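# Residue-level structure breakdown
What follows is each chain in one-letter form.
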Amino acid sequence: MSDRKFNVAVVGATGAVGETLLSILAERDLPLGQVHALASERSAGSTVSFGNRELIVEDLAQFDFSQVDIGLFSPGASVSKEYAPKAAAAGCVVIDNTSQFRYHPEIPLVVPEVNPDAVGDYERHGIIANPNCSTIQMLVALKPLHDAVGVERVNVATYQAVSGTGKDAIEELAHQTASLLNGRPVECKVYPKQIAFNALPHIDVFQDNGYTKEEMKMVWETRKIMGDDSIQMNPTAVRIPVFYGHSEALHIETREKLTVERARELLAAAPGIEVLDRHEDGGYPTAVTESSGTDAVYVGRIREDISHPRGLDMWVVADNVRKGAALNTIQIAEVLIRDYL
C-alpha cells in the first residue's frame, strides 16, 4: 500500500450506525484524508463527533461524490438506491450497509473474515454490500467449521437487540421500561406489541412461506457469502428487550463428525472470534457483558448435539451496530484500500 490518503464520505452520519462508523474510523489506522459527514437536508449544518473533533453535517443531495474515494453508506435502503449508483458513477467506491444491493448477483456481499476475495468484484458496479447483522456474526462463527468439515444444515434462533431497528426503537424500549416500572401504560409505535419485558418472534415483513424477511435474509446471504447453495438454513428471528448486541443459538449439522475439542480449537484460531466456553456459572458470553461496545464475535456453550450424530451446538453473540454493521463496513474498506485501490 502506498502513502496515498483516501477521502471518505459517511452517508447517514446522524443515525446509530453512522455515528458508530465515524467513531470506529477515528479509532482505526486507515490512511484518511478528508472525512465528510452526510445526511438529509434537515440535518445539514448540525455537527457529529469524529474522534476529538466535530464535523459539520453536509446535505447528501448537494454533495459531489467525485471529491471522495470511498462512501460508507447507512442511510436506509431507499436513499442508497438513489444515491449509491450516483456516487459510484462519480468514481466513489460505495460500501453499502442497507439491504438494497445484497441480492444483486453482480454486487459482492462481504464478511472480511469469510470471503475477503469477493471485494475485488466491486469494479462491476462500484458497490460492495454489507450483509445483515445477524448473518455476519453467524458466518464468522461458521466459517472455520465449514472449511474444516463442511456445514450441511443450520437451525438458528436469534435474540436480537432493538438497536437493529434504529434510534426510535431504542427510545421505545427505554420509555416502555420506565413506564412499566412506574405503573404507567406503555405506547407501541415502533413495534406491533410491547417490547419491554417481552420477546417478539417477528422481525421485518412476513413472506409467503411464513418466514419473515429477516429470517430469509439469513438463508439467502449465507449461501451467497459462503458460495455454497447446498447449505440448508432454518432460522427463527426474535426481537428481545436488549439495547445492543445480538445473540444466536446455532444448531449445526456437519458433513463430517467434529468433536467439541476440535471445534473449540478451530474457533479460537479464527480471526475475529473470542471463545468463552467454560462449564461454570458465567462461563459463557452474553450480549450485554461481553459483546456490547466491542469488536469480536464471541462463541460459547460449544457442545455436541445429543440428538444428531454429526451435530454441534453453539451460542454466538456480537454487537450488532459495531461488528454487525459499522465495523464490518470499515473492515471491507480496509481490504479495499490494502489490496485494490
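The structure displayed is predicted, hence computed values, not measured ones.

## Describing the sheet that holds strand β6 (residues 93-96)
The sheet built from seven strands is open, its strands ordered β3-β4-β2-β1-β5-β6-β7 with mixed pairing. Two strands close off the open sheet at either side, each with one partner strand: β3 (47-50) and β7 (127-129). The sheet shows a mean angle of 30 degrees between the axes of neighbouring strands, direction not considered. The pairing of strand β2 (residues 32-39) with strand β4 (residues 53-59) spans three bridges and is classified as parallel. Looking across to β4, one finds that A39 is bridged to D59. The strands touched by helix α8 (residues 322-339) within the sheet are β1 (6-11), β5 (70-73), β6 and β7, with β5 carrying the most contacts at an inclination of about 165 degrees.

## Examining the packing of aromatic side chains
Scanning the entire structure with this criterion turns up five aromatic pairs. For the pair F63 and F65, a centre-to-centre distance of 5.1 Å together with 85 degrees between the ring planes defines the contact as edge-to-face. Residues F63 and F65 agree in their burial class; the two are buried. Feature note: the residues F63, F65 and F73 constitute an aromatic cluster, connected by ring pairs.

## A word on the packing of helix α3 (residues 133-149) against α8
The interhelical angle for the contact between α3 and α8, taken along N-to-C directions, is 85 degrees, at an axis separation of 8 Å. The angle between α3 and α8 falls in the class roughly perpendicular. Facing C133, I136 and V140 of α3, the residues of α8 in contact are K323, G324 and N328. Tallied by class, the residues present in the contact of α3 with α8 amount to three nonpolar, two polar and one charged.

## Overview of α8
In the structure, α8 departs most strongly from a straight axis at N328, where the bend amounts to approximately 35 degrees. Across the 18 residues that make up α8, a large majority, 15, are buried.

## A word on the pairing of β1
Of all six residues in β1, five are buried; the element is thus mostly enclosed. With helix α1 (residues 16-27) bridging β1 and the parallel β2, this β-α-β connection has right-handed handedness. In the sheet, β1 pairs with β5 via four bridges, with the strands oriented parallel. For V11, the partnering residue across the bridge sits in β5 and is F73.

## What to know about the sheet that holds strand β13 (residues 311-318)
Strand order in the open sheet made by the six strands is β9-β8-β10-β13-β12-β11, with mixed pairing throughout. Edge positions in the sheet fall to β9 (232-239) and β11 (273-275), since each has one partner strand and no second. Each neighbouring strand pair of the sheet contributes to a mean axis angle of 20 degrees, computed without reference to strand direction. On top of the sheet, helix α5 (residues 213-226) reaches β8 (151-160), β9 and β10 (246-254); it is set at about 140 degrees to β9, its chief contact.

## Some details on unusual backbone geometry
The backbone of F197 shows a phi angle near 55 degrees, a positive value even though the residue is not glycine. In the Ramachandran plot, D204 falls in the positive-phi region, its phi being about 75 degrees despite a non-glycine side chain. With respect to the helices and strands, D204 occurs in the loop between α4 (167-181) and α5.

## Considerations on the nonpolar core
By size, the foremost hydrophobic cluster in this structure holds 55 residues, and its most contacted members are F65, M138, L142, L145, L250 and M314. It is α3 that contributes the most residues to this core, eight residues altogether. Non-local contacts of M138, meaning those with residues more than four positions away in its chain, are made with V154, V156, M218, T222, M233, E248 and L250. V8, A37, V48 and A326 belong to the second largest nonpolar core, which has 37 residues in total.

Rules behind the numbers
Residues numbered from 1 in each chain as written. Predicted model: local features only at pLDDT ≥ 70, side-chain atom pairs only at ≥ 80, totals over all residues. Heavy atoms only, no water. Pairing = 2+ DSSP bridges. Helix = DSSP H or I, 4+ residues; strand = E, 2+ residues; numbered from the N terminus. Axes fitted to C-alpha atoms, helices over the stretch in contact; angles between N-to-C directions. Contact = heavy atoms within 4.5 Å. Phe/Tyr/Trp six-rings, centres within 6.5 Å; stacked < 30°, edge-to-face > 60°. Buried < 20%, exposed > 50% of the residue type's maximum accessible area, 1.4 Å probe, protein only. Parallel < 35°, antiparallel > 145°, perpendicular 65-115°, else oblique. Nonpolar A, V, L, I, M, F, W, Y, C, P; charged D, E, K, R; others polar. Bend = angle between axes of the 7 residues up to and from the residue. Right-handed = clockwise from strand over helix to strand, strands pointing away. Core = buried A, V, L, I, M, F, W, Y, C linked by side-chain atoms within 4.5 Å.

So yeah, pure geometry; function would need other evidence.
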